[in-house]
Amino acid sequence: RTPLSIMRSEAEITLRNSNAKIDDLRHGLDRVVRLSSLMGEMIEDMLQVARAEEPMLQTHIEPVDVVLALRECVGDFQLLIEADGGYIRITDTPESIMIEGDETRLKQAIRIVLDNAVCYSSHAPEVEVSARIEDGEAVIAISDNGDGIASEDIPYLFQRFRRGSKKVGSGQGLGLSIARSITETMGGSIGLESRLNVGTSVKLRLPLMPVEKTENGHST
């Protein structure tokens, strides 16, 4: 759902621009190609999770800059959110935070949370994201002003095929379960706080790259 929504928004905005230059058209097509590939990977992941007794996602562990991954995901959603009259912005974030993880999977987890922020809002989405270092971990925080979640639903949201009592769209309740699997596979965790009619805040916590590795050419 996430990459499909972004692709549609990208195509519609590009088509509306009757004076678009070749570079603008190429940029739009490049994003459509990249996101269509991502959508194929996500569909495969959902099939694996749906079939498995426990989520088992393959990962490729390497140095990853959390801030760069976050900026790319925010860029993917910016046109979609602004077209709805809302905004998404990054606040209080350093230039770089290094972890050992899977960059593709990390971006997938971030996009799942951003997608929820957009889809579970009855009005123009207002989303703020940040990244920081706290207690030896990289912390990604994503907050929205959406419809919020009932307190009785929160303990079950990270279970497969479980959704909030306010159901929106045709999703199968796998998104947050996949996000949890991704963060736990990389040694991290994901948590959520929410209030009805106020909004939701999600935090992804991931262990920082070991000091001896950051001293060999990677900055934090």
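Below or above, wherever it landed, is the structure these notes cover.

Cut-offs applied
Residues numbered from 1 in each chain as written. Predicted model: local features only at pLDDT ≥ 70, side-chain atom pairs only at ≥ 80, totals over all residues. Heavy atoms only, no water. Helix = DSSP H or I, 4+ residues; strand = E, 2+ residues; numbered from the N terminus. Buried < 20%, exposed > 50% of the residue type's maximum accessible area, 1.4 Å probe, protein only. Contact = heavy atoms within 4.5 Å. Salt bridge = Lys/Arg side-chain N within 4 Å of Asp/Glu carboxyl O. Pairing = 2+ DSSP bridges. Core = buried A, V, L, I, M, F, W, Y, C linked by side-chain atoms within 4.5 Å. 1 Å grid on protein atoms, 1.4 Å probe; cavity = no way out; pocket = protein on both sides within 12 Å on 5 of 7 lines; lining within 4 Å. Points joined across faces, edges and corners; volume = space filled by probe spheres on them. Nonpolar A, V, L, I, M, F, W, Y, C, P; charged D, E, K, R; others polar. Polar contact = N/O pair within 3.5 Å; in protein donor to acceptor, adjacent residues only side chain to side chain.

## Digging into the overall build of the protein
For the protein, the helix and strand inventory stands at six helices and seven strands. The order of α-helices and β-strands along the protein, N terminus first, is α-α-β-α-β-β-α-β-β-α-β-β-α. Burial status across the protein gives 43% buried among its 220 residues. Counting only contacts in the protein whose residues sit at least 6 apart along the sequence, the fraction spanning at least 24 positions is 72%.

## Considerations on the pattern of salt bridges
Oppositely charged side chains can pair when the atoms bearing their charge come close. Following the criterion strictly, the structure yields eleven salt bridges and no others. When the shortest N-O distance is used, the salt bridge between Arg-34 and Glu-72 registers 3.2 Å. Pair noted here: Arg-34 is in helix α2 (residues 22-51) and Glu-72 is in helix α3 (residues 66-83), with a separation of 38 residues, a long-range link. The exposure class of Arg-34 is partly exposed, given its relative accessible area of 33%. What makes Glu-72 partly exposed here is its relative accessible area of 30%.

## Describing the pairing of strand β6 (residues 189-195)
Walk down a regular strand and you will see the side chains alternate between the two sheet faces. Only one face of β6 is covered, namely the face carrying Ile-190, Leu-192 and Ser-194; the face carrying Ser-189, Gly-191, Glu-193 and Arg-195 is uncovered. As judged from the seven bridges shared by β6 and strand β7 (residues 199-207), these two strands associate in the antiparallel manner. By the bridge assignment, Ser-189 is partnered in β7 with Arg-205. Between β6 and β7, which pair antiparallel one after the other, the connecting turn spans three residues, and Asn-197 there sits at a positive phi close to 65°.

## Quick look at the environment of Thr-91
Examined against the element boundaries, Thr-91 turns out to sit in the loop between β2 (87-90) and β3 (98-101). The exposure class assigned to Thr-91 is partly exposed, which follows from its relative accessible area of 24%. Residues Thr-91 and Ser-130, spaced 39 residues apart in sequence, show a C-alpha to C-alpha distance of 5.2 Å. Apart from residues lying up to four places away in sequence, Thr-91 is in contact with Glu-128, Val-129 and Ser-130.

## Points about the nonpolar core
Grouped together as the largest cluster of nonpolar side chains are 47 residues, with contacts concentrated most on Leu-106 and Leu-114. Beyond its immediate stretch of four places on either side in the chain, Leu-114 contacts Cys-73, Val-74, Phe-77, Ile-88, Val-127, Val-129 and Ile-142.

## Quick notes on the layout of surface pockets
Considering only enclosed or pocket space, the second largest pocket measures out at about 210 Å³ in volume. Leu-4, Ser-5, Arg-8, Ser-9, Glu-12, Ile-13, Arg-16, Leu-80, Ala-83, Asp-84 and Val-118 are the residues that line the second largest pocket. Counting only elements with at least two residues in the lining of the second largest pocket, the list comes to α1 (2-16) and α3. In terms of residues, the lining of the second largest pocket owes the most to one element, α1, which gives seven residues. Looking at side-chain class alone, the lining of the second largest pocket contains five nonpolar, two polar and four charged residues.

## Looking at the side chain of Ser-96
Tracing the sequence through the fold places Ser-96 in the loop between β2 and β3. Within the structure, Ser-96 has its side chain in polar contact with the side chain of Asp-65 (distance 2.9 Å).

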